[in-house]
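# Observations on the model geometry
One-letter residues, chain by chain:
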There are 2 protein chains.
Amino acid sequence: MQLVAPDFDSLFAALADRTRRDIVRRAIDSEEGVAELASHYRMSFAAVQKHIAVLERAGLVTKHRIGRRKVVRTNVETLRTARRMLDQYEELWRGRIDRMSELVNEYTRETHQ
Amino acid sequence: MQLVAPDFDSLFAALADRTRRDIVRRAIDSEEGVAELASHYRMSFAAVQKHIAVLERAGLVTKHRIGRRKVVRTNVETLRTARRMLDQYEELWRGRIDRMSELVNEYTRETHQ
DNA sequence: TCTTGATACAACCGTATGGTTGTATCAATG
DNA sequence: CATTGATACAACCATACGGTTGTATCAAGA
């Protein structure tokens, strides 16, 4: 269920920061609001808020109002999108290996018959 | 065979650019030098050279002298490192689901016995 | 309704990034 | 060994990024 075309630029850029990766990790199985998340890091509330905004724009987290807090939840589907992107490289690599083996086989047939 | 501790910041940052991802893709199964790679993009030779330097620092490609060219090859192992990082999130997610099912089971035992 | 806890946003600052052009290095080959 | 094809690097510019402080919005609860 892919809602929007994945923007890999902002997706990988969002993952290229230790604090943001840590927020993604925490938001997988916790139900913390922005302030609670911020309390874990040695930077201002506003800085963490900006990190969360970056993650939100990349589709990596969503926010949901609960009482007067806004709880941050990781969107695992977007993580899978990134993973699938890397899997495509792996497939290309596999294809390369296969073509190489094919070449070796042809060489063997042609010269050692 | 992990030579250096992976720097996920520079690794994901390197992947957060369309041109660089395309270079990685090409360098998986081609044997192009820097100039040949550069010819595919509508930017200066130096710009592409810088992109390749970013990929090299992130461990995503290596350069090998062949004749008077320097051929760029993708380091698939580094791509796998990034993939494994994302897999860890998936595992956390699995663990969360498991704990939730566990809770539901306990609830069922305690109330419906 | 008025307060206030929680979040959002704007302005600013230093540094990093992605691009350019120009010059320097370096090794294969005539 | 001098040339030159191929790559590297330095300097510069505009814009983006990660952090700060300060102010504004917004909805829950006394």
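Structure first, text after, so check above.
We now turn to the structure provided with this report. Not measured: the values here are computed from a predicted model.

Turning to the interface of chain B and chain A, a few remarks are in order. Counting residues at the interface gives 28 residues for chain B, matched by 28 residues for chain A. Buried surface at the junction of chain B and chain A, summed over both partners, amounts to about 2800 Å²; 62% is from carbon and sulfur atoms. Remark: the boundary between chain B and chain A carries 8 salt bridges. Linking Glu90 of chain B and Arg80 of chain A is a salt bridge whose minimum nitrogen-to-oxygen distance equals 2.7 Å. For the pair chain B and chain A, the interface holds 14 residue pairs in polar contact (both at pLDDT 80 or more). Secondary structure elements with two or more residues in the side of chain B that touches chain A: α1 (8-15), α2 (18-29) and α5 (76-111) of chain B. It is α5 of chain B that contributes the most residues to the side of chain B that touches chain A, 14 residues altogether.

Assignment of secondary structure puts Arg21 of chain A in helix α2 (residues 18-29). A polar contact is formed between the side chain of Arg21 of chain A and the backbone oxygen of Leu15 of chain A, at a distance of 2.8 Å. Not counting the four nearest positions on each side in its chain, Arg21 of chain A is found in contact with Leu15 and Ala16 of chain A together with Phe8, Asp9, Phe12, Met85 and Tyr89 of chain B.

Between the two copies, chain B and chain A, the superposition gives an RMSD of 0.0 Å; the rotation angle is 180° and the shift along the axis is 0.0 Å. On the angle and the small slide along the axis, the relation comes out as a two-fold axis. Of the interface residues in chain B, 100% have counterparts in chain A that sit at the interface too, so the contact is made through matching surfaces.

The next subject is the protein's contact with DNA strand C. If you check the shell around DNA strand C, you find 20 residues, and the closest are Gln49 of chain A together with Ser44, Lys50, His51 and Arg68 of chain B. When atoms of DNA strand C within 4 Å of the protein are split into backbone and base, the sugar-phosphate part holds 62%. Between a phosphate oxygen of DNA strand C and a main-chain N or O atom of Lys70 of chain A, the distance comes to 3.0 Å. Here a phosphate oxygen of DNA strand C and a side-chain polar atom of Ser44 of chain B are 2.6 Å apart.

Criteria and thresholds
Every chain's residues receive numbers from 1 upward, in the order its sequence appears when written. Starting at A for chains and at 1 for ligands, labels are handed out in the order in which the entities are written. With pLDDT at 70 or above as the cut-off, local features in this predicted model cover only qualifying residues; side-chain atom pairs require 80 or more to be listed or tallied, and sums for whole chains, interfaces and linings still use all residues. The basis for every side-chain value is the complete set of non-hydrogen atoms in the structure, without hydrogens or water. Note on contacts: a residue pair is in contact if any heavy atoms of the two residues lie within 4.5 Å. A 1.4 Å probe defines the accessible area here, and the buried area is the portion of it lost by two parts on being joined, summed over both. Criterion for a salt bridge: a side-chain nitrogen of Lys or Arg within 4 Å of a carboxyl oxygen of Asp or Glu. Here a polar contact is taken to be a pair of N or O atoms separated by no more than 3.5 Å, where protein atoms must pair a possible hydrogen donor with a possible acceptor and residues adjacent in sequence count only if both atoms sit in side chains. By the criteria applied, helices consist of DSSP H or I runs no shorter than four residues and strands consist of E runs no shorter than two, each listed in order from the N terminus. Superposing the copies works by least squares over the C-alpha atoms of residues that have pLDDT at least 70 in both of them. Whether a residue is near a molecule or strand depends on its heavy atoms: if one lies within 4 Å, it is near.

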